[in-house]
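Working through the structure, step by step
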Amino acid sequence: MAVGIFDSGLGGLTVLDAVANRLPDVPLVYYGDNAHAPYGVRTHDDIYNLTVSATQKLFDRGCDLVILACNTASAAALRRMQESWVPHDKRVLGVFVPLIEALTERQWGDNSPPREVAIKHVALFATPATVASRAFQRELAFRAIGVDVEGQACGGVVDAIEEGDLILAEALVRSHVDALKRKMPEPDAAVLGCTHYPLMEGVFQDALGPEVKVFSQANLVAESLADYLTRRPQMIGPGTESMFLTSGNPKQVSNRATQFLRRKIEFQQA
Ligand code: DGL
């Protein structure tokens, strides 16, 4: 009984934490590809190949369902994986759809035509690869009309978080918010479209101002996973043990993860 959670590095821990709170009895196997982070500046082919190999590792650890808790992988690799790679008895899900359903006030499975929604101007903060993919705009267009999305590629933020340099991360977030506001002075909502960014959510909210509603994915993904497992309980795989795996240096990754989640996390090499 295990569900796999994947990210290029530490960001997916924000999702893992929310899932662990929502589904305390489901064993979770986390894999952070820290040796290859950040993904956000890589080509789509590169992101695809790395994501496939990480997902296979999670299948091998007894997970039949893997959540790509990484927007970059969800944007650049998920569709291709689902179309040509995922075995018929396994599932791989991304993190965009729950977020877009929340933004467009839709329930799961509501496939009615796109309609007008309350939010009109959305600031999307994400990695360069996610912004360039336009996957967010594509998914949004299936559900809503008349929403203006301005993407801001937040170069450097993931590297700073992975390095544990939160002072640099904060300075970069503030400068990216300034850059966004020059293009879209009054967004109604902001989407933190990278799972690393909730670690900086307070800084985003402060820089954007209290009138901007900030959407962050962790709880939305956890809720959507709980709903999915109620409908497909057989997708909880045969694994029975929760664990944290990394392609990077386990000691260093464990220290950073412990600092971010404020509880002891021990990674093993995989
Ligand atoms: N946390 C990831 C995301 O949600 C990946 C960031 C990266 O590796 O560049 O996009």
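Structure's up top.
Described in the following lines is the structure provided in the data block. Note that the structure is a prediction, hence the values are computed from the model and not measured.

1. Focus: the pairing of strand E3 (residues 63-68)
The side chains of a regular strand alternate, first on one face of the sheet and then on the other. Across the six residues that make up E3, a large majority, six, are buried. Direction of pairing for strand E1 (residues 2-7) relative to E3: parallel, over a ladder of five bridges. Residue pairing across strands places Phe-6 opposite Leu-68, the latter belonging to E3. Pairing between E3 and strand E4 (residues 91-93): three bridges, direction parallel. Looking at E4, one finds that Ile-67 is bridged to Leu-93.

2. Here we look at the sheet that holds strand E6 (residues 121-126)
Read across the sheet, four strands follow the order E8-E6-E9-E10 without closing on themselves; strand pairing throughout is parallel. Edge positions in the sheet fall to strand E8 (148-153) and strand E10 (213-215), since each has one partner strand and no second. Adjacent strand axes in the sheet meet at a mean angle of 20 degrees, parallel and antiparallel pairs treated alike. Bridge count between E6 and strand E9 (residues 189-192): four bridges; the pairing is parallel.

3. Here we look at the site of the ligand
Close contacts around the ligand come from 13 residues, with Ser-8, Tyr-39, Gly-40, Thr-72 and His-196 the closest. In this structure, a nitrogen atom belonging to the ligand sits 3.1 Å away from a side-chain N or O atom of Asp-7. Looking at the shell around the ligand residue by residue, the classes come out as five nonpolar, seven polar and one charged.

4. Focus on the pattern of salt bridges
Taken as a whole, this structure holds 12 salt bridges when the rule is applied. Notably, a salt bridge pairs Asp-64 with Lys-90, separated by 3.0 Å at the nearest N-O pair. In this pair, Asp-64 sits in strand E3 while Lys-90 sits in the loop between helix H4 (78-84) and E4, placing the two residues 26 residues apart along the sequence. Lys-90 matches Asp-64 in its accessibility class, with the two residues each being buried. With a shortest N-O distance of 3.4 Å, Arg-115 and Asp-110 are connected by a salt bridge. With a relative accessible area of 31%, Arg-115 lands in the partly exposed category. Through salt bridges that share partners, Arg-106, Asp-110 and Arg-115 make up one connected network.

5. With respect to the environment of Ser-216
In this structure, Ser-216 sits in the loop between E10 and helix H11 (217-231). By relative accessible area, which is 16% here, Ser-216 ends up buried. Measuring from C-alpha to C-alpha, the distance between Ser-216 and Val-191 comes to 6.3 Å, with 25 residues separating the pair along the chain.

6. Regarding the packing of helix H1 (residues 13-22) against H11
H11 packs onto H1 with a crossing angle of 45 degrees between their chain directions and a minimal axis gap of 8 Å. When the axes of H1 and H11 are compared, the pair comes out oblique. In the packing of H1 onto H11, the handedness of the crossing is right-handed. Residue-level contacts link Thr-14, Val-15, Ala-18, Val-19 and Arg-22 of H1 to Ala-218, Asn-219, Val-221, Ala-222, Glu-223, Leu-225 and Ala-226 of H11. Here the residues of the contact of H1 with H11 sort into eight nonpolar, two polar and two charged.

7. Some words on the sheet that holds E3
Ordered in space as E4-E3-E1-E2-E11-E12, the six strands form an open sheet in which the pairing is parallel. Whereas interior strands pair on both sides, the edge strands pair on one side only; in this sheet they are E4 and strand E12 (267-269). Sheet twist, expressed as the average angle between the axes of neighbouring strands with direction ignored, equals 25 degrees. By the bridge criterion, three bridges tie strand E11 (residues 243-246) to E12 in an arrangement that is parallel. Counted as the bridge partner of Phe-244 is Phe-267 from E12. Packing of helix H2 (residues 44-60) onto the sheet brings it into contact with E1, strand E2 (28-32), E3 and E4, and relative to E3 it is tilted by some 145 degrees. Strands in contact with helix H12 (residues 250-261) are E11 and E12; relative to E12, the strand with the most contacts, it is inclined by about 160 degrees.

Here is what the cut-offs are and how they apply
For every chain, the first residue of the written sequence is number 1, and numbering continues from 1 along that sequence. Local features are withheld for residues below a pLDDT of 70 in this predicted model, meaning they are given only at 70 or higher, and side-chain atom pairs are given and counted only at 80 or more; totals for whole chains, interfaces and linings count all residues. Where side-chain values are given, they derive from all heavy atoms of the structure, hydrogens and water being excluded. Classification of residues uses two cut-offs on accessible area relative to the type maximum, computed with a 1.4 Å probe and protein chains only: under 20% is buried, over 50% is exposed, and between them is partly exposed. Only DSSP runs of H or I with at least four residues qualify as helices, and only runs of E with at least two residues qualify as strands; both kinds are numbered from the N terminus onward. When DSSP finds two or more bridges between a pair of strands, those strands are recorded as paired. Only the contacting stretch of a helix is used when fitting its axis, a line to C-alpha atoms as for every element, and angles between N-to-C directions run 0 to 180 degrees. We define proximity as follows: a residue is near a molecule or strand when any one of its heavy atoms falls within 4 Å of that partner. Polar contacts, as counted here, are pairs of nitrogen or oxygen atoms within 3.5 Å of one another; within protein the pair requires one atom able to donate a hydrogen and one able to accept it, and residues that are adjacent in sequence qualify only if both atoms are side-chain atoms. Under the scheme applied here, ten amino acids are nonpolar (Ala, Val, Leu, Ile, Met, Phe, Trp, Tyr, Cys and Pro), four are charged (Asp, Glu, Lys and Arg), and all others, including Gly, are polar. For this analysis, a salt bridge means a side-chain nitrogen from Lys or Arg found within 4 Å of a carboxyl oxygen belonging to Asp or Glu. Put simply, angles under 35 degrees are roughly parallel, angles over 145 are roughly antiparallel, angles from 65 to 115 are roughly perpendicular, and the rest are oblique. Crossing handedness follows the turn of the near helix against the far one: under a right angle anticlockwise gives a left-handed crossing, and clockwise gives a right-handed one. In what follows, a contact means two residues having at least one pair of non-hydrogen atoms within 4.5 Å.

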